[in-house]
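Descriptive structure summary
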Amino acid sequence: MRLRAAPLGAALMAACLLMPARAQLPTLGDPSDMAVSAERKLGERVARELYRDPDYINDPVLDEYVLEIWTRLLAAARTRGELTSELDDRFAWQVLLGKDRVINAFAVPGGWMGLQLGLVNVTVTRDELAAVLAHELSHVTQRHISRLMTQQSRQAPMMLAAIILGALAAGKSPDAANAVIAGGQALAMQNQLNFSRDMEREADRVGYGVMTQAGFDAQGMVSMFEKLQQSARLNDNGSFPYLRTHPMNTERIAEAQSRQQLQARAPAAPAPDLVHSMMVGRSRVLSNPGMDGLRAYAAEADGPQAAASDRWRQVGILYAAALASTKLREPAAASRLVARLQAATAGDARASRTAKLLAAELALAAGDATRAAGMIDPADNHRPEVMLLSQARIQSGRAADAAPRLQTWVALHPRDAQAWQLLGAAYTAQGQTLRAIRAEAEVQVAHLDYQAAMDRFKAAQDVARKSGGGGDHIEASIIDTRARAVASLLREQALER
């Protein structure tokens, strides 16, 4: 890139160099220049791309498990005053799961969070998973991303000063010009890294308080950092701590241990959580291990390691083996393994329910929708049961029985894309084209793709016009109202660009 000195160079340079030091690095606690509404819109732009990512997974069983932990953390953040009423009302507070096996989680502006199944795969307890979620939640409640963007805008004058100084020096020495520019960029980058590391430390501290307030074991944060350190060793380039955007894991482990020691001694550790072991098994199978990986999981249940393992590990191995056998289209093996799983979880109500859900899922995958539907209590209002029973009823030719339950569900959970998708399938099976198209539009609304939603609403309006007086007038009116609302959201999106 070639730089040429401008006539205003000296004046701009003087103005930049006279900036107060306060503009270089805001301290933690400095307010963000970004409005809450702007942060929410920025988060929605990122979330739209996450929904489009082929790795995005909407799995009711895993979603429910993560949401249970997430809800407890949100309640604790409210109690501690970390989550203000304004952020609570305006932000989304949703966790999106990805099938990638990389060990990663990330916060997004506006209360969105991404969680890769690779991170779930390496956890041993729900406390470890809670530690990660609490850390990322704290990034959002402390508005780190918007504050970081504010910091970047404050670094702009520093960068401009370096560029102008380099332009003025270019006439005398090109090497000197390059050195001045590189030095200014390095200083700005170093300030940015310092700010990022300080934010990570703050998220550790606040997240620790949130997770312990929610009733999770503080040891989960220590052990999770140890796992991250082991993972980092595989890809560590040996950089010094001050060149990293995150503090060294050894440093974070020591700080977490220090906080733990300051607390009153916790009661004896509870018995291993069978449900968490099963969720880890499910996560590993769903995170695209490939055919060889699926066969390894399926074979592990009959191996010597499983026989020598304790109940906690056996349950996880059996769950993964049964689900892997289903993915391999081996229904006989899956049925045998799930029977062993149900015997191993007897006496634990939560684990037994999870095993029963898997049994129904395997029956549905084997093509026995009637048997799958018979395994689920129609009065159970938990999301996995509602979704699985609706799928079974639609596949068994009972779409008319599935639709009312799904209608009630989407009325209470209008952002549940999977429920809208199933409802659309139920309407299609009954020949209710107008309602089916509207459900397809609502799927796109839930995924924040307002242009695609608008296209489906227009298609529904065309169908309503062609039907004349014989159509569903109430549904047509609802579609017109929803189309106007989405058109307004679409205009807002256009202004953001």
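Refer to the structure above for everything that follows.
Residues numbered from 1 in each chain as written. Predicted model: local features only at pLDDT ≥ 70, side-chain atom pairs only at ≥ 80, totals over all residues. Heavy atoms only, no water.

**Re the overall build of the protein chain**
In terms of regular secondary structure, the protein chain is built from 23 helices and 4 strands. Buried positions account for 48% of the 497 residues belonging to the protein chain. Residue pairs in contact within the protein chain that sit at least 24 positions apart in sequence constitute 70% of those at least 6 positions apart. Within the structure as shown, the protein chain displays about 24,100 Å² of accessible surface, and the carbon and sulfur contribution to it stands at 55%. (Helix = DSSP H or I, 4+ residues; strand = E, 2+ residues; numbered from the N terminus. Buried < 20%, exposed > 50% of the residue type's maximum accessible area, 1.4 Å probe, protein only. Contact = heavy atoms within 4.5 Å. Areas by Shrake-Rupley, 256 points an atom, 1.4 Å probe, with all protein chains shown as cover.)

**So, the packing of aromatic side chains**
Inspection of the entire model under this criterion finds 3 aromatic pairs. Look at Tyr51 and Tyr56: their rings are 5.2 Å apart centre to centre, the planes differ by 85°, and that puts the pair in the edge-to-face class. In this structure, Tyr51 and Tyr56 share a single accessibility class: buried. Judged by centre distance (5.8 Å) and plane angle (50°), the rings of Phe91 and Trp93 are tilted. The exposure class of Trp93 is buried, given its relative accessible area of 9%. Aromatic rings pair up to connect Tyr51, Tyr56 and Trp112 into one cluster. If you follow Arg72 out to its NZ or CZ, it ends over the ring of Phe216, 3.9 Å from the centre. (Phe/Tyr/Trp six-rings, centres within 6.5 Å; stacked < 30°, edge-to-face > 60°. Lys NZ or Arg CZ within 6 Å of the ring centre and 35° of its normal.)

**Focus: the packing of helix H16 (residues 349-365) against helix H18 (residues 383-395)**
Relative to each other, H16 and H18 sit at 20°, their axes nearing to 11 Å. The angle between the axes of H16 and H18 places the two elements in the roughly parallel class. In this structure, H16 crosses over H18, and the sense of that crossing is left-handed. Every residue of H18 that contacts H16 at Arg353, Leu357, Ala360, Glu361 and Leu364 is listed here: Pro384, Glu385, Leu388, Gln391, Ala392 and Gln395. (Axes fitted to C-alpha atoms, helices over the stretch in contact; angles between N-to-C directions. Parallel < 35°, antiparallel > 145°, perpendicular 65-115°, else oblique. Left-handed = near helix turned anticlockwise from the far one by under 90°.)

**Overview of the nonpolar core**
Counting residues in hydrophobic clusters, the biggest one holds 86 residues, and the most contacted among them are Leu73, Trp93, Leu115, Leu133 and Leu341. Discounting residues that sit within four places of it in the chain, Leu133 has contacts with Val66, Ile69, Trp70, Leu73, Met113 and Leu115. Ranked by size, the runner-up nonpolar core spans 25 residues in total, among them Ala92, Leu448, Phe457 and Val486. (Core = buried A, V, L, I, M, F, W, Y, C linked by side-chain atoms within 4.5 Å.)

**Brief notes about the pairing of strand E3 (residues 105-108)**
If a strand is regular, its side chains alternate between the two faces of the sheet. Judged from the 4 bridges that link them, E3 and strand E4 (residues 112-116) form a sheet pairing that is antiparallel. What sits directly across from Phe106, in E4, is Gly114. Two successive antiparallel strands, E3 and E4, enclose a turn made up of 3 residues, where Gly110 displays a positive phi of approximately 85°. (Pairing = 2+ DSSP bridges.)

**Remarks on the sheet that holds E4**
One open sheet holds the 4 strands; their spatial order is E1-E2-E4-E3, and the pairing between them is mixed. With partners counted over all chains shown, the strands left at the sheet margins are strand E1 (56-57) and E3, one partner each. Its contacts with the sheet put helix H3 (residues 60-80) on strand E2 (94-98) and E4, and the angle it makes with E2 is roughly 140°.

**Here we look at unusual backbone geometry**
In this structure, Trp93 is a non-glycine residue whose phi angle is positive, near 55°. Checked against the element boundaries, Trp93 lands in the loop between helix H4 (85-90) and E2. The residue Leu448 is not glycine, and still its phi comes out positive at about 65°. For Leu448, a relative accessible area of 1% gives the class buried.

**What to know about the pairing of E2**
Across the 5 residues that make up E2, a large majority, 4, are buried. In this structure, E1 lies alongside E2, joined through 2 bridges in antiparallel fashion. Its bridge partner being in E2, Tyr56 is matched across the sheet by Gly98. Relative to E4, E2 is paired through 5 bridges, and the arrangement is parallel. Across the sheet, residue Gly98 finds its bridge partner in E4, namely Gln116.

**A few points about the pattern of salt bridges**
By the definition in use, this model includes 29 salt bridges. For Glu82, the salt bridge is made with Arg80, and the minimal N-O distance between the two is 3.1 Å. You can call Glu82 buried: its relative accessible area is 17%. What you see here is one network of salt bridges that share partners, running through Arg435, Arg438, Glu442, Asp472, Glu475 and Arg482. (Salt bridge = Lys/Arg side-chain N within 4 Å of Asp/Glu carboxyl O.)

**Here we look at the side chain of Glu200**
Within the secondary structure, Glu200 is located in helix H8 (residues 174-213). The exposure class assigned to Glu200 is buried, which follows from its relative accessible area of 7%. A distance of 2.9 Å separates the side chain of Glu200 from the side chain of His135, its partner in a polar contact. Within the structure, Glu200 has its side chain in polar contact with the side chain of His139 (distance 3.2 Å). (Polar contact = N/O pair within 3.5 Å; in protein donor to acceptor, adjacent residues only side chain to side chain.)

**Examining the environment of Lys227**
Within the secondary structure, Lys227 is located in helix H9 (residues 219-234). Distance in space between the C-alpha atoms of Lys227 and Thr123 is 8.4 Å, their sequence separation being 104 residues. If we skip the residues at most four places from it in the chain, Lys227 touches Val122, Thr123, Val124 and Glu128.

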